Amino acid sequence: MDPRILICGAGPTGLVLAIWLAKRKIPFRIIDKAAKPGTASRALVLHARTLEFYRMLEIDKAVTNASLHLDEAKLWVHQHVAGTVRFGGVATDTSAFPYVLVFPQDEHEALLEKELNDLGRKVERGTELLAYREHPGGIDVRLRKASGSIENADFSWLAGCDGASSRVRELAGADFPGGTYEHMFYVADITGSGPMINGDLNVALDDADFLAVFPLKGEGRARLIGTVKDQKNAGPGKAPDQHKNALPAAQKPTAPPSVLVSTASETSISSSPIPVLGLAAAVSTSITTASQAATLTAETASTVGAIPSWSPEPRPAPAGSQTPQETAGDQPLQWEDVSHDILRRLNLDIRNVNWFSTYRVHHRVASFFRKGRVFLLGDAAHVHSPFGGQGMNTGIGDAINLAWKFEAVLRRGAPDSILDSYEQERIGFARRLVDTTDRAFTFINRKSALATGIRTRIIPLLLPLIFRRPVFRRQLFRILSQTRITYRGTPLGTGVVGAVHGGDRLPWLRHADNFAPLKNLDWQLHCYGDARMELLSWCERYKIPLHFFVPAEPFKPGTLCLVRPDGHIGWIGHSTDLLALGRYVTRWRIA
């Protein structure tokens, strides 16, 4: 069968989408403009919900074996540890993965690409999307291949997973509203020694400078995230104001010879993880303000299709896209331009800089996630401030949400409206997430005397006390881990029994491990309690797998759940409500 889906972009989002489709034998192609895979670690954090998806794809063990567990964070003020926040191991009743993993993105992508290759599929590297044009039966695309030749091809859908400077988003005409923060940051993978290279997350909350040190596998390896010097005082690589709205791009600094520069297509640093500061900012924000940010509004473009011509000539970069020297005027910023004062104060001995990049932090959400036969996922659809390590995990969630819906239409003949539910379910969550991380990031970087006092005096005292309470730690785990995401009130989420609603992520039962059957990547029924013969006959007639579990909270005895391929509940009711269940199955052509 000819490929039906074109995936543009081979970062984590595109690769996960491709792996799901490959496992379900849905024909597709995946392309990436970059000639080689990424060689630098950008996003680091993997949360529990992503690991649950990886368990469904049967790659969770490979990921956990290659990762570091992150169980606590040390908060430093004026060269001393002012408090320790322990956040691991409290949610053993929430998820089979009650922790945070540190897994550098280059290693993560390599693992995902190997899995895709083992499934018999490969990324077409050095292949660039030039244009597309919709027609009643599909979408024609024009590609420039690695050889320089031009290819015209036809697909059913186009999935834009091509990062913050997305070509797909540009061609679709989506706005990318939001903003860019004033401060400039750097990220560096280093080899060194010192009290903050200790296997834990370490965060310095000093008055003027900011530094986060993440552990990496390997002796003395760590990831630094910090601030660039005041641009007025920076060296020859100082950044002019006219570039402050540009999207992040890796720069080639003057640094030790081993420095690597990222060239992968999905290079947004919006996924950079600082989870404990996200919590700190959330607590601090609640202290200093009670106001709620307004909900972002979506602006739908009035035109359908893409560009009016099929010219393969390069087009000017859209507003807000990355530019080669966006942060440095005539010269890129150098390692010497970053703030070294805090490194000296904290006795960090940097022996080697393996990779270095400067970036500005953005908060943006595309005006739509679907337009006709085109979909936006991951950083092409939303970029976040780094706090909470949410960006990459959210993109992977986008991929899982859309993958099974492609299959539903292609294999089951489900109505096209099931694809509309992708935007309905994901865009609202993206807007709320961007709003929340924006407020947290804004507070952490505020220079007022009140904010500085809270950051350096109150947070180090308050946060460890709060985190000693298991109930609070579990709630914060559910927020950061994305296990609390629900699609209640959307067309695919129907019914309620007790505290469990249609659209919720299936609650995990530790004693029964009701997530084990989700590896079949298909619809299934879960019955919590005994079943009547009518239910057994119904399942045999509709050929939907049925699994039984001993009732336990939050499931009431007799609860029946129709579980979607992504592990969310589609329909929930009583085991005798077969007429209502049948209407749902018929509407979405599940059987």
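Residues numbered from 1 in each chain as written. Predicted model: local features only at pLDDT ≥ 70, side-chain atom pairs only at ≥ 80, totals over all residues. Heavy atoms only, no water.

1. Quick word on the confidence of the model for the protein
Turning to step 1, where the next piece is worked out: For the protein, the mean per-residue pLDDT works out to 81, and 79% of the residues sit at or above 70.
Turning to step 2, where the next piece is worked out: Here residues 231-330 is a poorly scored stretch, pLDDT under 50, and it has 256 contacts once near neighbours within four places are set aside; other chains count. (pLDDT = per-residue confidence, 0-100. Contact = heavy atoms within 4.5 Å.)

2. Quick notes on the packing of aromatic side chains
Turning to step 1, where the next piece is worked out: Overall, the coordinates contain 14 aromatic pairs when judged by the stated rule.
Turning to step 2, where the next piece is worked out: Note on Tyr186 and Trp335: the rings are 5.8 Å apart at their centroids and 85 degrees apart in plane angle, and the pair reads as edge-to-face. With a gap of 149 residues between them, Tyr186 in strand β13 (residues 178-193) and Trp335 in the loop between α6 (275-288) and α7 (341-345) connect regions that are remote in the sequence. Side by side, Tyr186 and Trp335 carry an identical accessibility label, which is buried.
Turning to step 3, where the next piece is worked out: Ring geometry for Tyr528 against Phe549: centres 5.4 Å apart, planes inclined by 25 degrees, an arrangement best described as stacked. Here Tyr528, found in strand β23 (residues 524-528), pairs with Phe549, found in strand β24 (residues 546-549); they are 21 residues apart in sequence, far enough to count as distant.
Turning to step 4, where the next piece is worked out: Owing to a relative accessible area of 0%, Tyr528 belongs among the buried residues under this scheme. (Phe/Tyr/Trp six-rings, centres within 6.5 Å; stacked < 30°, edge-to-face > 60°. Helix = DSSP H or I, 4+ residues; strand = E, 2+ residues; numbered from the N terminus. Buried < 20%, exposed > 50% of the residue type's maximum accessible area, 1.4 Å probe, protein only.)

3. Let's talk about the environment of Ile30
Turning to step 1, where the next piece is worked out: Inspection of the secondary structure puts Ile30 in strand β2 (residues 28-32).
Turning to step 2, where the next piece is worked out: Expressed as a C-alpha distance, the spacing of Ile30 and Ile7, which sit 23 residues apart in the sequence, is 4.5 Å.
Turning to step 3, where the next piece is worked out: Among residues more than four places away in sequence, those in contact with Ile30 are Ile7, Gly9, Ala10, Gly14, Leu15, Ala18, Leu116, Lys122, Val123 and Glu124.

4. A closer look at the pairing of strand β25 (residues 559-563)
Turning to step 1, where the next piece is worked out: β25 sits mainly inside the fold: five of its five residues count as buried.
Turning to step 2, where the next piece is worked out: The side-chain alternation of β25 yields two buried faces, one formed by Thr559, Cys561 and Val563 and the other by Leu560 and Leu562.
Turning to step 3, where the next piece is worked out: Bridge count between β23 and β25: five bridges; the pairing is antiparallel. Each residue of the ladder has a partner; that of Gln524, found in β25, is Val563.
Turning to step 4, where the next piece is worked out: Note that β25 and strand β26 (residues 569-574) share five bridges and pair antiparallel. (Pairing = 2+ DSSP bridges.)

5. Examining the side chain of Thr50
Turning to step 1, where the next piece is worked out: The residue Thr50 is located in helix α2 (residues 48-56) in this model.
Turning to step 2, where the next piece is worked out: Thr50 gets classed as buried once you look at its relative accessible area, which sits at 2%.
Turning to step 3, where the next piece is worked out: There is a polar contact of 2.7 Å between the side chain of Thr50 and the side chain of Asn393.
Turning to step 4, where the next piece is worked out: Once you skip the residues sitting within four places of it in the chain, Thr50 turns out to touch Asn393 and Ile396. (Polar contact = N/O pair within 3.5 Å; in protein donor to acceptor, adjacent residues only side chain to side chain.)

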